[in-house]
Amino acid sequence: MRVEKYLNDIIERDGTAHLTLIDPASQSPDESASIAFAAVEGGTDALMIGGSTGAGGILLDQTLFKIKEQVEIPTILFPASIAGISSHADAIFFMSLLNSRDISYITTNQAMGAPLVYKYGIEPISMAYLVVEPGGTVGWIGDAKLIPRNKPEIAVAYALAGKYLGMHYTYIEAGSGANKPISPQMIGALKKILGENKLIVGGGIRNGSTAKICADSGADMIVTGTIVEETTNVTEKIRELVYAIKR
Ligand code: 1GP
């Protein structure tokens, strides 16, 4: 419970936590470590490590190894499949893509991966994962029956199901690089029914004002990924996002 408690304590203290998503397939392990270092300088709270395509094997291990040489904040795996598991991470978002049509993203990868998580002693953080339109690469790979962005009640139904199944966190996202983030109406409706359970929001958040709208609407954690790959000054960009969402 160490990483989960760390995140929950930050939410308690600051109102909202910021997570930086690093995709090992997008750059070299050394470059990922530089991004991680700069993101920590900017005030990010933890790193999510994963991606929909090619983020496994030696590349994943080396990325984590290099990152952990540079920073001390928690590294949390965000796997697309069993290939996204590494013994070098602190924790894993042990998630089920509840609105997938493909059972492998709902329970099969989880069953195949669970013995590795146990063997490696990685902390599992139980999470319901929901993908909203446009959904991006993860929507396609995960064969998600995309939740319409103007139908909060459908997102609420899935999130309630996840909560009743015992998942502590709900991650709702529009897909990496989405042209629009999750709507404030959907975030608000989700937070209302989740109560103490934590709500993570990501996909298409590129600046402080958008992050603030998500946080003010009820997000407990904000995830940004694409922006750290695009910006020329990671520290400054993360600082802008962190400043906007913390009290
Ligand atoms: C992907 O929601 C995250 O799971 C990050 O999205 O790349 O658009 O920040 P962005």
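Residues numbered from 1 in each chain as written. Predicted model: local features only at pLDDT ≥ 70, side-chain atom pairs only at ≥ 80, totals over all residues. Heavy atoms only, no water.

**Things to note about the packing of helix H8 (residues 208-217) against helix H10 (residues 234-245)**
One can describe the packing of H8 onto H10 by two numbers: an axis separation of 8 Å at closest approach and a directional angle of 30°. As the angle between them shows, H8 and H10 are arranged roughly parallel. In the packing of H8 onto H10, the handedness of the crossing is right-handed. Each of Gly208, Ala211, Lys212 and Ala215 in H8 lies in contact with H10, whose residues at this interface are Glu240, Leu241, Ala244 and Ile245. When its residues are assigned to classes, the contact of H8 with H10 shows five nonpolar, one polar and two charged. (Axes fitted to C-alpha atoms, helices over the stretch in contact; angles between N-to-C directions. Helix = DSSP H or I, 4+ residues; strand = E, 2+ residues; numbered from the N terminus. Parallel < 35°, antiparallel > 145°, perpendicular 65-115°, else oblique. Left-handed = near helix turned anticlockwise from the far one by under 90°. Contact = heavy atoms within 4.5 Å. Nonpolar A, V, L, I, M, F, W, Y, C, P; charged D, E, K, R; others polar.)

**Digging into the nonpolar core**
Within soluble globular proteins, side chains that are nonpolar tend to cluster in buried spots. One finds Ile172, Leu190 and Val201 to be the most contacted residues of the largest nonpolar core, which totals 51 residues. Every residue in contact with Ile172, bar those within four places of it in the chain, is listed here: Leu130, Val132, Ala155, Ile182, Met186, Leu190, Leu199, Ile200, Val201 and Gly202. By size, the runner-up hydrophobic cluster in this structure holds 27 residues, among which are Leu7, Ala46, Met48 and Ala144. (Core = buried A, V, L, I, M, F, W, Y, C linked by side-chain atoms within 4.5 Å. Buried < 20%, exposed > 50% of the residue type's maximum accessible area, 1.4 Å probe, protein only.)

**Describing the site of the ligand**
Around the ligand sit 13 residues, and of these Tyr171, Glu173, Ser176, Gly177 and Thr226 come closest. Measuring from an oxygen atom of the ligand, one finds a side-chain N or O atom of Tyr171 at 2.7 Å. Contact with the protein chains removes 97% of the 300 Å² of surface that the ligand exposes when unbound. The pocket occupied by the ligand, as judged from atoms lying within 2 Å of grid points, is the largest cavity. Partitioning the shell around the ligand into residue classes produces four nonpolar, eight polar and one charged. (Near = heavy atom within 4 Å. Polar contact = N/O pair within 3.5 Å; in protein donor to acceptor, adjacent residues only side chain to side chain. Areas by Shrake-Rupley, 256 points an atom, 1.4 Å probe, with all protein chains shown as cover. 1 Å grid on protein atoms, 1.4 Å probe; cavity = no way out; pocket = protein on both sides within 12 Å on 5 of 7 lines; lining within 4 Å. Sits in = over half its atoms within 2 Å of the grid points.)

**So, the packing of aromatic side chains**
Tallying each qualifying case throughout the model produces four aromatic pairs. Summarising the aromatic geometry, the rings of Tyr129 and Tyr171 are spaced 5.4 Å apart at their centres and angled 15° between planes, so their arrangement reads as stacked. One end of the pair, Tyr129, is in strand S5 (residues 123-131); the other, Tyr171, is in strand S6 (residues 169-173), with 42 residues separating them in the sequence. The same class applies to Tyr129 as to Tyr171, namely buried. By way of ring pairs, the aromatic residues Phe78, Tyr129 and Tyr171 are connected into one cluster. (Phe/Tyr/Trp six-rings, centres within 6.5 Å; stacked < 30°, edge-to-face > 60°.)

**Structural notes on unusual backbone geometry**
Between Glu133 and the following residue, Pro134, the backbone shows a cis peptide bond with an omega angle of 10°. As for its placement among the helices and strands, Pro134 is situated in the loop between S5 and helix H5 (136-141). Positive phi is not limited to glycine here, since Asp143 has a value of about 45°. Within the secondary structure, Asp143 sits in the loop between H5 and helix H6 (152-164).

**Some remarks on the packing of helix H2 (residues 29-42) against helix H3 (residues 57-70)**
Orientation of H2 relative to H3, taken along the N-to-C sense of each, is 40°, at an axis distance of 8 Å. With respect to each other, H2 and H3 are oriented oblique. Where H2 crosses over H3, the handedness of that crossing is right-handed. For the pair H2 and H3, the contacting residues are Pro29, Asp30, Ser32, Ala33, Ala36 and Phe37 in the first and Leu59, Gln62, Thr63, Lys66, Ile67 and Gln70 in the second. Considered class by class, the residues forming the contact of H2 with H3 number six nonpolar, four polar and two charged.

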